[in-house]
Amino acid sequence: MAKKATVLITGGAGFIGSHTGDALLGKGYKVKILDSLEPPIHQNHRWPKYVQNKSYELIKGDIRNKKTIERSLRGVSYVYHIAAYQDQRPDFSKFFETNVLSSALLYEIIAAKKLPVKKIILASTQFIYGDGEYSCPHSQQTFFPEVRPLKQFQKKDWSIKCPHGSRANFHPFKENQKLMPTNSYGLSKQAMENLGLRLGKTYSIPTTILRYSIVQGPRQSPFNLYSGAIRIFVSQSLAGVPITVYEDGEQTRDFVNIRDVVRANLLALNNKKTDFEIYNVGGGRAWKVLDFANLVKKITGATSPILISGFRRTDTREAISDISKIKKLGWRPKFSTEDSIKSYVEWFQKEKFTKQLNLKYLKRLKLGIKN
Ligand SMILES: NC(=O)c1ccc[n+]([C@@H]2O[C@H](COP(=O)([O-])OP(=O)(O)OC[C@H]3O[C@@H](n4cnc5c(N)ncnc54)[C@H](O)[C@@H]3O)[C@@H](O)[C@H]2O)c1
């Protein structure tokens, strides 16, 4: 195999980064991983088994550190900026410090040193849309709702309303629509995107933005809160405790398999058409959360009941991405949600996570905490 270029993956020890790294190694690229091995994603600050004994160059360091990024960028032709601080947490400033500062440093160093980086691919998120666009059934008038008021949640009224009070219809997220992130994570990703496109254009550093939907598959740390519904439902099912679903379970989500995400990541690498473009990378179908919980239950053979209760203030009611733009490049999701659950459960059992999480869950459930 001819010697190929060097690719830097920030966050390459994580879920999406490591699968992308493995695919790049398989294609003959040299791959450097820069990762700080953040807890609780990684236990004990150790490199995970799946990146060890492969031809990776492993750099343990923080993406917020200029010298570390300078060192990591030596000899690099392509960058996947995948490391991030994620989820819904109260330390707002850390999202900007991690996700925005690191992105600015990348462009700053590449521009100042005139490094021959051919492309930066930024890992973004569906979260950036917030609740997205809705329309009213009678008037067809479209609008972008604010986060649902707390009072409405308390009344267990979950729907998004038209100005005159009737239930509004959701429109799947399109890349060029208005962005209304509901939390610091989404806001920081919005800033990262703006910065990447602007600085990339100004300093001729081709940049592609991939807005992933909820990604699923093995290596998604069960200790990471961001791993979402699959982590919660699978660990509850395997621990034999109730499966807990927020709101009324009728809220919709869009899940995409990690193998499809890796294909999208690789597609962006050398395709000039993707320069300075944004793409949704989603599963192409809407799942009601309750249906998803039932599917996890079926696949794991769990006997646990499904408990519908609680809510999170910044959760959106619907989260479905329109993937027609990336489909025009020939990409489409090939793996089903069943495939994702099965491969996640297999890995979860192989790694014996149930034992490690069991006690924690039981304790938290007793306290009425789901995350
Ligand atoms: N997993 C999803 O469902 C999903 C959905 C949408 C977007 N994304 C985006 O994809 C990217 C990867 O997500 P993931 O699920 O693979 O997450 P992950 O937690 O598995 O991986 C993130 C990696 O980044 C590393 N990291 C975090 N902070 C760092 C720092 N300051 N310095 C160096 N390394 C640091 C962590 O140690 C970890 O290995 C993120 O940018 C995320 O916002 C993920």
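Rules used throughout
Residues numbered from 1 in each chain as written. Predicted model: local features only at pLDDT ≥ 70, side-chain atom pairs only at ≥ 80, totals over all residues. Heavy atoms only, no water. Pairing = 2+ DSSP bridges. Helix = DSSP H or I, 4+ residues; strand = E, 2+ residues; numbered from the N terminus. Axes fitted to C-alpha atoms, helices over the stretch in contact; angles between N-to-C directions. Contact = heavy atoms within 4.5 Å. Near = heavy atom within 4 Å. Polar contact = N/O pair within 3.5 Å; in protein donor to acceptor, adjacent residues only side chain to side chain. Areas by Shrake-Rupley, 256 points an atom, 1.4 Å probe, with all protein chains shown as cover. pLDDT = per-residue confidence, 0-100. Parallel < 35°, antiparallel > 145°, perpendicular 65-115°, else oblique. Left-handed = near helix turned anticlockwise from the far one by under 90°. Nonpolar A, V, L, I, M, F, W, Y, C, P; charged D, E, K, R; others polar. Phe/Tyr/Trp six-rings, centres within 6.5 Å; stacked < 30°, edge-to-face > 60°. Buried < 20%, exposed > 50% of the residue type's maximum accessible area, 1.4 Å probe, protein only. Lys NZ or Arg CZ within 6 Å of the ring centre and 35° of its normal.

Turning our attention to the sheet that holds strand β4 (residues 78-81). The strand order across the open sheet built from seven strands is β3-β2-β1-β4-β5-β9-β14, with neighbouring strands paired in parallel fashion. The sheet terminates laterally at β3 (57-60) and β14 (277-281), the two strands that pair on one side only. Going across the sheet, the axis of each strand differs from the next one's by a mean of 20°, ignoring polarity. Bridge count for strand β2 (residues 30-35) against β3 is four bridges, and the pairing is parallel. Its bridge partner being in β3, leucine 34 is matched across the sheet by isoleucine 59. Of the strands in this sheet, β1 (6-10), β2, β4 and β9 (207-212) are in contact with helix α1 (residues 15-26), which crosses β1 at around 170°. Each of β4, β5 (119-125), β9 and β14 touches helix α7 (residues 258-270); the most contacted strand, β9, lies at about 165° to it.

Let's shift gears to the site of the ligand. Near the ligand, the surroundings consist of 31 residues, among which Asp35, His42, Ile82, Tyr185 and Lys189 are the closest. Within the contact set of the ligand, an oxygen atom lies 2.9 Å away from a backbone nitrogen or oxygen of phenylalanine 15. At a separation of 3.0 Å, a nitrogen atom of the ligand approaches a polar backbone atom of isoleucine 63. Protein contact buries 98% of the 820 Å² of open area that the ligand shows by itself. The set of elements that each furnish at least two residues to the shell around the ligand consists of α1, β5, α5 (184-202) and β10 (214-216).

Low pLDDT means the predicted coordinates in that region are not meant to be read closely. Scored by pLDDT, the chain comes out at a mean of 93, with 94% of its residues at no less than 70. Low confidence marks residues 365-371, where pLDDT is under 50. Its contacts with residues over four positions away, or in another chain, come to 18 contacts.

A word on the packing of helix α8 (residues 289-300) against helix α10 (residues 337-350). Relative orientation of the contacting elements α8 and α10 amounts to 50°, with a least axis distance of 10 Å. Here α8 is positioned oblique relative to α10, judged by the angle of their axes. Considering how the two elements wind past one another, α8 and α10 form a crossing that is right-handed. Contacts from Phe292, Leu295, Val296, Ile299 and Thr300 of α8 reach α10 at Thr337, Glu338, Ile341, Lys342 and Val345. Per-class residue counts for the contact of α8 with α10 are six nonpolar, two polar and two charged.

Following the criterion strictly, the structure yields 16 aromatic pairs and no others. Aromatic pair tyrosine 85 and phenylalanine 95: ring centres 4.6 Å apart, planes at 50°, arrangement tilted. In this pair, tyrosine 85 is assigned in the loop between β4 and α3 (92-112) and phenylalanine 95 in helix α3, connecting sequence segments ten residues apart. Here tyrosine 85 falls in the buried class, since its relative accessible area comes to 12%. You can call phenylalanine 95 buried: its relative accessible area is 0%. Ring geometry for phenylalanine 170 and phenylalanine 173: centres 5.4 Å apart, planes at 90°, overall edge-to-face. Here phenylalanine 170 and phenylalanine 173 have matching classes, each one buried. Ring pairs connect the aromatic residues Tyr129, Tyr134, Phe143, Phe170 and Phe173, which therefore count as one cluster. Sitting over the ring of tryptophan 287, arginine 285 keeps its end group 3.9 Å from the ring centre.

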